[in-house]
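Reading the structure
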Amino acid sequence: MENRVSLSVIVPIYNTEKYLDDCLSSIANQSVPFDEVILVNDGSTDGSRALCEKYCHGNRNFILLNQKNMGLSVARNNGFKAAKGDYVIYIDSDDYVQNCMAEIIKQELSSRSCDVLYYNASIKYETNTGESKTYFIRDAKYYGRDMTGVSYLLESFPENYIVSPCMAAFRKAFLSEQKIWFPQGIYFEDKYYCLKVALSARSVRCISNSFYIRRCREGAITTGKMTNKKCSSLIRGCLLMCEELRNSGLDPSFLMSFISSNLLYIFNMIGNIEPGADIRNEINELIDYYAEYWMQLYLSSDRSLGDSATLLLVLQELEKRSKKIKIESEKYINDLRDEIENGITGRLKEIPLGDADKLIGIYGIGSHTLWLLNCYRLYVGEILCDLYFIVTDRVPVTTCFQGRRLVSCDEITDRTDKIVISSLFYQKDMYRELTDRGIPEKTIQRLYGDKDICDLNSIWSVLNSGFKKEMQ
């Protein structure tokens, strides 16, 4: 006999009147109702509170909590404290959900309980945020499997590891037992929260349903302009995650990959701002923390290309400050530069751009393709193949790029020997576009593997001592 589970939805709200009706309407009009919907008004100054009151008046399962503006984490945490359901679900107030969400989640959890039930999301684009279409969709190999949180983390990172508390139903007792809360006072709190959940969960499961519709819009925290405050939050969050991982006992290759991914991302983001004195001090704190607790692991373990780039980045930062460390940093820096350049060269040699007898298509005409071409010329040699470029849809204005032919995916000739996907971030989208159009898998060559954490752009920037440098 199935056990009936109850679901509490928590919606933090701050000045999202423009989108709030879509959100609350989708929650209220479920095929099977949620047991409890907790609206946490975080001191909104627009019409959000009045709209919340309207929905609470018309829906007995809706509850409104009003608080002064204290931020997203506090709003979510306060909603969690008030929740009475067996499972909690977080929904952001500018997003919305499918009307079958509660019904299917209840069916799934009533038949097989778990600490965390992960599901997928689709994207509604209101602005070009650059997000991948498939970023919030996990690979089919995860669906229906019962795993521990750690097993899921190790297997899914980085390509299928999705950072979003809005794409899961969490068993409330599990979160309470493990004392898992959103950290207060920082942006990007989801990174720490999702890691803590994965490290602590005894049982997780993924399903294929895309219940959640994420709205990509201007002005959102994750899509808005990078600022000193946001960079500070990234640094504080990274330190919190590193502390969680220090005594985790996880595989060294995963630990290095996870830490490298976050460090390289932070320095990439810092390259988009003029860091103030406070940010500079926080950067130094992060680098010193890495040197004290993580550097020895990197020095004594087999490293990926991204790990070596991270180690080089840290050593270069320490050298700038004349920071004394226990190794000969100048020697290591030179050795690392050779190691990284050899790694880049080896990877690029796998692409037959130097074979005059080959017809090669490169998918994409953005910065990733330019980096590929420039790095190939720098590290391998002259491009001799019959080369052309590919975009997803027809471009009516121009038919060439870099002096070569430019075609759409539908115009790819079957004479093509290899189609190279140049982007790490968009490679899942690109791969799907090609295979959906009947391109044989053996013809498609990805520049990056499933476990790669950074692209040539980032690696080259580290080699040249700064993320603000541009390749000429």
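Quick notes on the rules
Residues numbered from 1 in each chain as written. Predicted model: local features only at pLDDT ≥ 70, side-chain atom pairs only at ≥ 80, totals over all residues. Heavy atoms only, no water. Helix = DSSP H or I, 4+ residues; strand = E, 2+ residues; numbered from the N terminus. Polar contact = N/O pair within 3.5 Å; in protein donor to acceptor, adjacent residues only side chain to side chain. Contact = heavy atoms within 4.5 Å. Pairing = 2+ DSSP bridges. Buried < 20%, exposed > 50% of the residue type's maximum accessible area, 1.4 Å probe, protein only. Core = buried A, V, L, I, M, F, W, Y, C linked by side-chain atoms within 4.5 Å.

1. Details of the side chain of Thr416
The topology assignment puts Thr416 in the loop between strand S15 (404-408) and strand S16 (418-421). Of the polar contacts made by the side chain of Thr416, one reaches the backbone oxygen of Thr413; its length is 2.8 Å. Ignoring sequence-local partners within four residues, the contact set of Thr416 consists of Leu359, Gly361, Tyr388 and Thr443.

2. So, the sheet that holds strand S7 (residues 121-125)
In any sheet, the strands associate via hydrogen bonds between backbone groups, in a parallel or an antiparallel arrangement. Overall, mixed pairing links the three strands, which are arranged S5-S11-S7 in an open sheet. Only two strands of the sheet have a single neighbouring strand rather than two, namely strand S5 (96-97) and S7. Direction of pairing for S7 relative to strand S11 (residues 212-216): parallel, over a ladder of five bridges. Looking at S11, one finds that Ala121 is bridged to Tyr212.

3. Remarks on unusual backbone geometry
Cis geometry marks the peptide bond from Phe157 to Pro158, where omega comes out at 0 degrees. Among the structural elements, Pro158 can be located in the loop between helix H5 (149-156) and strand S9 (168-171). A positive phi angle is found at Asn15, which is not glycine, with a value near 55 degrees. Secondary-structure assignment places Asn15 in the loop between strand S1 (7-13) and helix H1 (17-28). Residue classification places Asn15 among the partly exposed positions, given a relative accessible area of 29%. Its identity as a non-glycine residue notwithstanding, Lys179 has a phi of 55 degrees, on the positive side. Following the sequence through the fold, Lys179 ends up in the loop between helix H6 (172-178) and helix H7 (189-200). Given a relative accessible area of 61%, Lys179 falls into the exposed group.

4. Things to note about the nonpolar core
The nonpolar side chains of soluble globular proteins are, as a tendency, buried together. Grouped together as the largest cluster of nonpolar side chains are 81 residues, with contacts concentrated most on Leu245, Tyr290, Trp294, Ile344, Leu348, Leu353 and Leu387. By residue number, the principal contributor to this core is helix H9 (residues 252-270), which donates 11 residues. Ignoring any residue separated from it by four or fewer positions in sequence, one finds Tyr290 in contact with Ile259, Leu263, Met295, Tyr298, Thr310, Leu311 and Val314. Grouped together as the second largest cluster of nonpolar side chains are 62 residues, Ile13, Ile38, Val204 and Cys216 included.

Coordinates in, geometry out; function isn't part of it.
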